[in-house]
Amino acid sequence: MKTKSGMLLLFVLTGLFVSCATGEYMKMNPKENAEVLGYVQSTFLVNGSFRYRSTINTQAYITLLAEAQNKYPDITIDIRNITWAIGQGDTANNNYEYTAIGKVIKR
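Structure report, in brief.

Thresholds, definitions, all that
Residues numbered from 1 in each chain as written. Predicted model: local features only at pLDDT ≥ 70, side-chain atom pairs only at ≥ 80, totals over all residues. Heavy atoms only, no water. Helix = DSSP H or I, 4+ residues; strand = E, 2+ residues; numbered from the N terminus. Buried < 20%, exposed > 50% of the residue type's maximum accessible area, 1.4 Å probe, protein only. Contact = heavy atoms within 4.5 Å. Core = buried A, V, L, I, M, F, W, Y, C linked by side-chain atoms within 4.5 Å. Phe/Tyr/Trp six-rings, centres within 6.5 Å; stacked < 30°, edge-to-face > 60°.

### Some points on the side chain of threonine 63
In this fold, threonine 63 is placed in helix α2 (residues 53-71). Threonine 63 sits in the buried class, given a relative accessible area of 15%. Sequence-distant contacts of threonine 63, that is, excluding residues within four places in its chain, are made with Ser42 and Phe44.

### Some points on the nonpolar core
In this structure, Phe44, Ile79, Trp84, Tyr98 and Val104 are the most contacted members of the largest nonpolar core, which totals 17 residues. The set of elements that each furnish at least two residues to this core consists of β2 (35-47), α2, β3 (77-90) and β4 (95-106). A total of five residues in this core trace back to one element, the largest contributor, which is α2.

### Some thoughts on the packing of aromatic side chains
Taken as a whole and assessed by the stated rule, the structure comprises two aromatic pairs. When the centroid spacing of 5.7 Å and the interplanar angle of 15 degrees are considered together, the rings of phenylalanine 44 and tyrosine 98 count as stacked. Residue phenylalanine 44 is found in strand β2, and its partner tyrosine 98 is found in strand β4; the two are separated by 54 residues along the sequence. By relative accessible area, phenylalanine 44 is classed as buried at 6%. For the pair tryptophan 84 and tyrosine 98, a centre-to-centre distance of 5.6 Å together with 80 degrees between the ring planes defines the contact as edge-to-face. Here tyrosine 98 lies in strand β4 and tryptophan 84 lies in strand β3, a separation of 14 residues in the sequence.

Next comes the structure, spelled out in structure tokens:
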């Protein structure tokens, strides 16, 4: 009995750690008729205490939108199909670096 519950706990913990390693956010709707202008990429830090998927998604969107606004200053834009992945961790300061990429669309 201990072996089965131990294996179940290991499986759940592995799933939690893997789920925080990569993510997708704001997928483009197939019916969405938007002009894709290009792609942007950015890196950002997230404090280890706040490494929730929602926090990472929001930070990825904010940094990619800022990058896109610098690239396309005179166009009303948005970001879709955001994909992010964890990079290096700074365990001394409890910060983790993420890299995100997304499509820039014209609104």
